[in-house]
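One letter stands for each residue in the lines below.
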Amino acid sequence: MKNNLEEAKLTVGKVAKRCGVKVSTLHFYEEKGLIRSWRNQGNQRRYKAEVLRRISVIKAAQKMGISLQEIKEAFATLPNNRTPDTKDWEKLASNWRENLTTRIHYLENLRDYLSGCIGCGCLSLNHCPLYNKDDELAAEGVGPVILDRKVKKV
């Protein structure tokens, strides 16, 4: 059976080119614990071929708005933190689907509510849900509290 270094033959440049990312991105992913490399005798990074699939999963998840922390947590659920296979991807995607559906719903409501508010042209500060006279809502939380109330209603 081969050891890890014997299996890790891809250079950082080859992986970056093949995955369409910068070398610095690979270093960043490694620093965050999302991918792993091994060092050869010359102290140069070498990657196993499976890193290509792992980076593809990372990029696909990021395009869906999944944070690197969420990706790392999902990878940690895999046995021995291995690279996701097709079945793993189905499970990861299923777990993220509900989160994405919630985000999409929130953004659609936000879009619809803002277009109505801004579209009227009155810009009335007496009725606008974005207005917070004297910061009265500070006790209720941070951010656009009134807007969040309006948008979250379904």
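This text follows the structure it describes.
Residues numbered from 1 in each chain as written. Predicted model: local features only at pLDDT ≥ 70, side-chain atom pairs only at ≥ 80, totals over all residues. Heavy atoms only, no water.

1. As for the overall build of the protein chain
(1) Moving on: If you tally the helices and strands in the protein chain, you get seven helices and three strands.
(2) Moving on: Counting from the amino terminus, helix and strand elements in the protein chain follow one another as α-β-α-α-β-β-α-α-α-α.
(3) Moving on: Evaluated residue by residue, the protein chain yields a buried proportion of 28% over its 154 residues.
(4) Moving on: Taking the intrachain contacts of the protein chain between residues at least 6 apart in sequence as the baseline, contacts between residues at least 24 apart amount to 58%.
(5) Moving on: Taken as a whole, the protein chain presents about 10700 Å² of accessible surface, with 53% of it coming from carbon and sulfur. (Helix = DSSP H or I, 4+ residues; strand = E, 2+ residues; numbered from the N terminus. Buried < 20%, exposed > 50% of the residue type's maximum accessible area, 1.4 Å probe, protein only. Contact = heavy atoms within 4.5 Å. Areas by Shrake-Rupley, 256 points an atom, 1.4 Å probe, with all protein chains shown as cover.)

2. Here's the deal with helix H5 (residues 68-76)
(1) Moving on: When we look at burial in H5, the residues that qualify are Ile71, Ala74 and Phe75. Down the axis of H5, the buried side of the element spans an arc of 100°, and every buried residue falls inside it. (Arc of directions from axis to C-beta.)

3. Regarding the packing of helix H4 (residues 50-63) against H5
(1) Moving on: H5 packs onto H4 with a crossing angle of 135° between their chain directions and a minimal axis gap of 10 Å. Regarding the angle of H4 to H5, the classification is oblique. Once H4 is placed against H5, the crossing between them reads as right-handed. Two secondary-structure elements touch here, H4 through Arg54, Val57, Ile58, Ala61 and Gln62 and H5 through Leu68, Ile71 and Phe75.
(2) Moving on: Residue composition of the contact of H4 with H5, by class: six nonpolar, one polar and one charged. (Axes fitted to C-alpha atoms, helices over the stretch in contact; angles between N-to-C directions. Parallel < 35°, antiparallel > 145°, perpendicular 65-115°, else oblique. Left-handed = near helix turned anticlockwise from the far one by under 90°. Nonpolar A, V, L, I, M, F, W, Y, C, P; charged D, E, K, R; others polar.)

4. Examining helix H2 (residues 12-19)
(1) Moving on: Residues Val12, Val15, Ala16 and Cys19 constitute the buried set of H2. Across the axial projection of H2, the buried residues extend over an arc of 100°, all falling on one side. Facing away from the buried side of H2 by more than 90 degrees, the exposed set consists of Lys14, Lys17 and Arg18.
(2) Moving on: Buried positions along H2 lie against strand E1 (10-11), helix H3 (23-31), strand E3 (45-47) and H4.
(3) Moving on: Residue Gly20 follows H2 closely and has a positive phi angle near 70°.

5. Focus on the nonpolar core
(1) Moving on: Of all hydrophobic cores here, the largest spans 23 residues; its most connected members are Leu26, Ile35, Ile55, Ile71 and Phe75.
(2) Moving on: Going through the elements one at a time, H2, H3, H4, H5 and helix H6 (86-119) are the ones with two or more residues in this core.
(3) Moving on: Per-element accounting of this core gives the leading share, five residues, to H4.
(4) Moving on: Those residues in contact with Ile71 that lie beyond four places of it in its chain are Leu34, Ile58, Ala61, Gln62, Ile66 and Trp96. (Core = buried A, V, L, I, M, F, W, Y, C linked by side-chain atoms within 4.5 Å.)

6. Side note on the environment of Ala76
(1) Moving on: Position of Ala76 relative to the elements: it lies in helix H5.
(2) Moving on: Accessibility expressed as a relative area gives 55% for Ala76, which makes it exposed.
(3) Moving on: With 42 residues separating them along the chain, Ala76 and Leu34 place their C-alpha atoms 9.3 Å apart.

7. Quick notes on the sheet that holds E3
(1) Moving on: Spatial strand order, E1-E3-E2: three strands in an open sheet with antiparallel pairing. Because the sheet does not close on itself, it has two edges, and the strands there are E1 and strand E2 (38-39).
(2) Moving on: Two strands pair when backbone bridges link them, and E1 and E3 are joined in this way by two bridges, in the antiparallel orientation. Looking at E3, one finds that Leu10 is bridged to Tyr47. (Pairing = 2+ DSSP bridges.)

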